[in-house]
Amino acid sequence: MNPALTRHLQTLGLERAPFPPTPDAAAWFQTARLEAERVEAAHCLRTRAGFVLLTGEIGTGKSTFLRRLLYALGGAGMVTSLVFNTFLQGPDLLAAVLRDFGLEARGTPAADIDTLNRFLVQQWRAQVTCVLMIDDAQNLTLESLELLRLLTNLETGQEKLLQIVLAGQPELRANLEQPGIRQLTSRICKHVQLDVLAADEVQRYVHYRLDAAGNPSPGIRLRADAAQALHRASGGNPRRIHQIMDRCLYGLYGLPAHARVIDPALVRTAAAEAGARPLARRLKRARHSLATAASLTGVLAATVLFLALRGADSRAEDTPPVPAPVPAQASAPSTRADDADWNACLRRLGQAGVQVQAVTATWLARLPTRDGLCLRQLAEGWQAGWRTRLRAEDFLAAQDQHARVRAVQALLQAEGLYAGTLDGLYGPRMRAAIAHFQQRSGLPPSGAPDPATLFLFDTLLAAPAAASSTSPETQHHGNGCCPSYTSPSPRDGLLPRFPFSAGNKQ
């Protein structure tokens with residue numbers, strides 16, 4: 001991390017950039033729909049069902065989705081190649097694909113295709129699936145698309161040797177309608193369409209990004225009316241949200257940690273200055289300038305001037321701030337001690353695989369225990385953090401690795417939601433059962449194993465085993481319903497025993 005950025009983050013009490021200009025798969029805002037799309041796309045590639053198309057407007061997260069898909073496909077049995085330089089066309093594109101697979105290009109398309117085919121056959125015999133991902137595929141010429149069509153013809157028996165993911169802007173879909181490559185288009189098994197964030201998702205998105213960056217609670221917060229202003233200014237486009245929010249952060253310099261609240265006036269000012277300005281007119285109001293505040297040299301004087309002028313604008317132009325909702329009487333107000341406990345709890349969970357998101361009271365009521373759960377109540381509702389042993393990728397595991405999914409099937413069967421066999425397969429029947437389970441648990445009934453659903457499965461599966469005297473490595477779950485499932489234990493580092501609820505200590 002460069003020194004200037006480090007000083008900037010330290011000023012705000014952050015550990016990493018919350019709104020970077022580049023794809024950030026490590027802090028992916030995961031909705032139920034996005035997770036369902038990712039799981040289905042990974043399933044299509046693992047089963048060699050055809051090729052996957054990913055489209056979305058500029059800034060909607062295509063590159064981030066690709067990187068999350070790469071992570072899902074990682075491990076044994078998969079070899080992936082990611083090509084993001086689509087200025088290369090035709091033979092040069094083919095040579096780039098070979099290099100990314102670790103092969104040496106031989107100079108002619110015919111020879112390179114022969115080299116690739118031999119490699120793919122060798123991998124197929126070793127039961128390894130090869131996946132080629134191409135980003136910014138809307139730049140591919142007809143010649144390059146025809147080359148990809150030829151690559152999809154490489155097959156043996158009933159299986160394609162190479163699975164392809166094409167990601168690009170919406171015009172990619174129009175390019176695939178050309179008559180000369182309709183054979184390629186007919187092989188699309190999954191089309192993922194990314195969209196902008198809805199108005200009610202913007203505030204959750206911003207707070208998630210801030211929390212993932214180590215925001216010291218209460219820290220930096222975005223008011224509800226400011227979130228609406230942000231949605232209007234950005235159109236819900238994540239990249240535009242990042243540009244505006246990054247500018248907003250500079251406007252918080254000089255404020256104490258407990259007063260770093262982003263209001264609509266700051267959002268409008270940041271939106272006017274973030275990104276390229278229109279050619280027709282230039283904004284010259286010096287009193288709104290964030291550029292001075294952005295300078296780390298002389299930041300204090302610039303910040304005082306900026307905040308004074310912005311405060312005057314707020315009094316003249318803004319409606320009075322909406323008061324924060326009053327927490328339920330059963331919950332004590334959050335204190336700085338609670339905030340310190342929350343941050344300490346998250347640190348004990350570790351860095352990798354930690355999920356922090358808003359949850360409902362219904363979801364909390366379904367938990368048999370709060371072991372391994374960090375929980376606090378904010379003005380807008382409950383927020384929880386956890387790390388789960390179950391992963392969405394477990395539902396796409398090989399046939400001999402379905403023990404965890406069979407355990408989930410047995411759990412759903414015990415609740416009267418699943419009537420199929422315990423085969424460990426994630427199919428339509430199990431998807432419907434998960435959707436009913438989610439609806440009963442206060443979650444969006446997508447049928448996809450999203451993080452909140454997985455943690456609930458993990459906790460419910462482990463609950464009956466906790467009362468057993470059998471060791472954690474060998475114990476099974478209540479009445480033999482969950483075969484071959486090892487419950488997480490404190491020494492796994494997955495469900496540590498530190499129940500904590502900020503603002504609701506019991």
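Our structure's up above, just so we're on the same page.
Residues numbered from 1 in each chain as written. Predicted model: local features only at pLDDT ≥ 70, side-chain atom pairs only at ≥ 80, totals over all residues. Heavy atoms only, no water.

At a minimum axis separation of 8 Å, helix 10 (residues 224-234) and helix 12 (residues 264-273) run at an interaxial angle of 20°. Taken together, helix 10 and helix 12 sit at an angle that is classed as roughly parallel. The two elements helix 10 and helix 12 meet at a crossing, and its hand is right-handed. Residue-level contacts link Asp225, Ala226, Ala229, Leu230 and Ala233 of helix 10 to Pro264, Val267 and Ala271 of helix 12. For the contact of helix 10 with helix 12, the per-class residue count stands at seven nonpolar, no polar and one charged. (Axes fitted to C-alpha atoms, helices over the stretch in contact; angles between N-to-C directions. Helix = DSSP H or I, 4+ residues; strand = E, 2+ residues; numbered from the N terminus. Parallel < 35°, antiparallel > 145°, perpendicular 65-115°, else oblique. Left-handed = near helix turned anticlockwise from the far one by under 90°. Contact = heavy atoms within 4.5 Å. Nonpolar A, V, L, I, M, F, W, Y, C, P; charged D, E, K, R; others polar.)

The subject of this paragraph is the packing of aromatic side chains. Inspection of every chain in the model, using the stated rule, returns nine aromatic pairs. On the numbers, 5.3 Å between centres and 90° between planes, the contact of Phe29 with Tyr205 is edge-to-face. One end of the pair, Phe29, is in the loop between helix 1 (3-12) and helix 2 (32-46); the other, Tyr205, is in helix 9 (residues 199-212), and 176 residues separate them in sequence. Residue Phe29 shares its accessibility class with Tyr205, and that shared class is buried. (Phe/Tyr/Trp six-rings, centres within 6.5 Å; stacked < 30°, edge-to-face > 60°. Buried < 20%, exposed > 50% of the residue type's maximum accessible area, 1.4 Å probe, protein only.)

Residues spaced three or four apart along an α-helix point in a common direction, a consequence of the helix completing one turn every 3.6 residues. Here helix 18 (residues 428-440) spans 18 Å end to end across 13 residues, near enough to the 18 Å set by a 1.5 Å rise per residue. Where helix 18 is concerned, the buried positions are Met430, Ala433, Ile434, Ala435, Phe437 and Gln438. Of the residues one or two after helix 18, Gly442 is the one with positive phi, at around 75°. (Expected span 1.5 Å × (residues − 1).)

Summed over all chains, the structure comprises 19 salt bridges. Notably, a salt bridge pairs Glu146 with Arg149, separated by 2.6 Å at the nearest N-O pair. Of this pair, Glu146 and Arg149 are both found in helix 6 (residues 142-152), three residues apart, which corresponds to roughly one turn of the helix. One salt bridge in this structure joins Glu177 and Arg173, with 2.7 Å as the shortest N-O distance. When its relative accessible area of 28% is taken as the criterion, Arg173 is described as partly exposed. (Salt bridge = Lys/Arg side-chain N within 4 Å of Asp/Glu carboxyl O.)

Attention now moves to the sheet that holds strand 7 (residues 188-193). Taken together, the five strands give an open sheet; going across it, the order is 2-3-6-1-7, and neighbouring strands pair in parallel fashion. The open sheet has two free edges, formed respectively by strand 2 (78-83) and strand 7, since each of these has just one partner strand. Pairs of neighbouring strands in the sheet enclose a mean axial angle of 15°, with direction left out of account. Relative to strand 6 (residues 162-168), strand 1 (residues 51-55) runs parallel, the two sharing four bridges. Within strand 6, the residue paired with Val52 across the bridge is Val165. Helix 4 (residues 90-100) contacts strand 2 and strand 3 (129-134) of the sheet and is inclined by roughly 140° relative to strand 2. Docked against the sheet, helix 6 engages strand 3 and strand 6, running at close to 155° with respect to strand 6. (Pairing = 2+ DSSP bridges.)

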